[in-house]
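A look at the structure
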Amino acid sequence: MGAGNQATDGSPQNPSQDRPGQPRPGEADSSLGLGAGAKRVVLKISGEGFVRQGERGISMDAVLHLAQQTYRAAQHGVQIAIVIGGGNILRGAQFSAGNSCVHEATAHYMGMLATVMNGLAMQDAVESLGCNTRLMTAIRMDGVAEPYIRRRARRHLEKGRIIILASGTGSPFVTTDTAAAQRALELDADILLKATRVDGVFSDDPEKNPHAVLYGELSYDDVRRQNLRVMDHEAVTKCMEYDMPILVFNFRKPGNIERAVLGERVGTLIRKTGSQP
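Residues numbered from 1 in each chain as written. Predicted model: local features only at pLDDT ≥ 70, side-chain atom pairs only at ≥ 80, totals over all residues. Heavy atoms only, no water.

What about the overall build of the protein chain?
Scanning the protein chain from terminus to terminus reveals seven helices and nine strands. A sequence separation of at least 24 residues applies to 76% of the contacts in the protein chain between residues at least 6 apart. Just so you have it, the protein chain exposes about 12200 Å², and 48% of that area is on carbon and sulfur atoms. (Helix = DSSP H or I, 4+ residues; strand = E, 2+ residues; numbered from the N terminus. Contact = heavy atoms within 4.5 Å. Areas by Shrake-Rupley, 256 points an atom, 1.4 Å probe, with all protein chains shown as cover.)

Observations concerning the side chain of Thr-178
Mapped onto the fold, Thr-178 is located in helix 4 (residues 176-186). Those residues within four positions of Thr-178 in sequence are excluded, and the remaining contacts are Asp-232, Glu-234, Ala-235 and Lys-238.

Points about the pattern of salt bridges
Any two side chains of opposite charge can pair, so long as their charged atoms come close to each other. Per the stated rule, a full pass over the model turns up 17 salt bridges. The partner of Arg-140 in a salt bridge is Asp-142, and the shortest N-O contact between them spans 3.1 Å. For the residue pair Arg-140 and Asp-142, the accessibility class agrees, reading exposed in each case. Between Glu-217 and Arg-265 there is a salt bridge, with the nearest N and O atoms lying 3.1 Å from each other. Highlighted residues: Glu-217 in strand 7 (residues 217-219) and Arg-265 in the loop between helix 7 (256-261) and strand 9 (268-271), separated in sequence by 48 residues. Exposure class is identical for Glu-217 and Arg-265. Each is buried. (Salt bridge = Lys/Arg side-chain N within 4 Å of Asp/Glu carboxyl O. Buried < 20%, exposed > 50% of the residue type's maximum accessible area, 1.4 Å probe, protein only.)

Considerations on the packing of aromatic side chains
Counting across every chain of the model gives zero aromatic pairs. Positioned above the aromatic ring of Tyr-148 is the side chain of Arg-183, whose terminal nitrogen or guanidinium carbon lies 3.9 Å from the ring centre. (Phe/Tyr/Trp six-rings, centres within 6.5 Å; stacked < 30°, edge-to-face > 60°. Lys NZ or Arg CZ within 6 Å of the ring centre and 35° of its normal.)

Regarding the sheet that holds strand 8 (residues 246-250)
Taken in spatial order, the nine strands make up an open sheet running 4-3-5-2-1-6-8-9-7, and their pairing is mixed. Looking along the sheet, the strands with just one partner apiece sit at the ends: strand 4 (146-147) and strand 7. Where strand 7 meets strand 9, three bridges bridge the pair, whose relative direction is parallel. If you follow Ser-219 over to strand 9, its bridge partner there is Arg-271. Together, strand 1 (40-45), strand 2 (79-84), strand 5 (162-166) and strand 6 (191-196) form the strand contacts of helix 4, whose direction differs from that of strand 1 by roughly 175 degrees. (Pairing = 2+ DSSP bridges. Axes fitted to C-alpha atoms, helices over the stretch in contact; angles between N-to-C directions.)

Re the side chain of Ser-167
Positionally, Ser-167 belongs in the loop between strand 5 and helix 4. A distance of 3.3 Å separates a polar atom in the side chain of Ser-167 from the backbone nitrogen of Ile-139. The residues contacting Ser-167, other than those within four sequence positions of it, are Met-112, Thr-115, Val-116, Thr-137, Ala-138 and Ile-139. (Polar contact = N/O pair within 3.5 Å; in protein donor to acceptor, adjacent residues only side chain to side chain.)

Some points on the pairing of strand 1
Of all six residues that make up strand 1, six are buried, and the element is covered over most of its length. The pairing of strand 1 with strand 6 spans five bridges and is parallel. Paired with Val-42 across the strands is Leu-192, a residue of strand 6.

Notes on the confidence of the model for the protein chain
When pLDDT is averaged across the protein chain, the result is 84; 82% of the residues are at 70 or more. Note that residues 4-30 has pLDDT below 50 and, in this model, 79 contacts with residues that lie over four places away or in other chains. (pLDDT = per-residue confidence, 0-100.)

Here we look at the nonpolar core
In this structure, Ile-82, Met-122, Leu-193 and Phe-249 are the most contacted members of the largest nonpolar core, which totals 37 residues. Contributing elements (two or more residues each) for this core: strand 1, helix 1 (60-74), strand 2, helix 2 (104-127), strand 5, strand 6, strand 8 and helix 7. Other than its neighbours up to four places away in sequence, Phe-249 contacts Leu-43, Leu-193, Lys-194, Ala-195, Thr-196, Val-198, Asp-199, Asn-256, Ile-257, Ala-260, Val-266 and Gly-267. Counting residues in hydrophobic clusters, the runner-up holds 30 residues, among them Leu-157, Ile-163, Ala-189 and Ile-270. (Core = buried A, V, L, I, M, F, W, Y, C linked by side-chain atoms within 4.5 Å.)

Here you go:
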């Protein structure tokens, strides 16, 4: 298991042999090998980032924590697009167990609307810090957001605005992870940043296995072969096909979003080559 096989914050990391596809400490390298850092990133934040752990709904304290980190990262001149999840409010899968009168496609649309609610909260939180934003949705709702148009989104980024992308791809049966991979490719991002509440991708579930080790780097093939649940299969496949690197890291640690955006070593890096000696 991957991002789902993670420890709680601060879990111990054990040393390991330094060879491709094997566990190694996440802090082994000081940079991601992306040169001076990324110029444009897509940041995927799941619904759990908008609420205190174990709760539901929206916590503005949690949202402001995200906004402050994102604002500081943007001050370095990096163009940031944020793809929003909605699981803190509603997950379409909760209606798909076969015992609901809600059609599964309808449930997915309901989940998309939840991402818009998170997007509105994030927009106001970021703008309260003095940063210009645009909320864009894949489903038209002109009263609250702009429609997502690739060229317009790129122009907003070029003007230094943080763009917040809600409602996934606008189609049911597509996860927000896949939407993040899609937007990263469409917007020519340098890297896809997957923000989670844990430290990265582990070899096993550390809550069950105290010897689980944090991976420093993996290849796309490592992720697929070991069935590491970093992102859904379709998202990883898209990134692999177009060589879009993925960084999985813990956004709850203060400063980690800024560090990730600047190309510093945090969490687990997934790319074509995997671990390097």
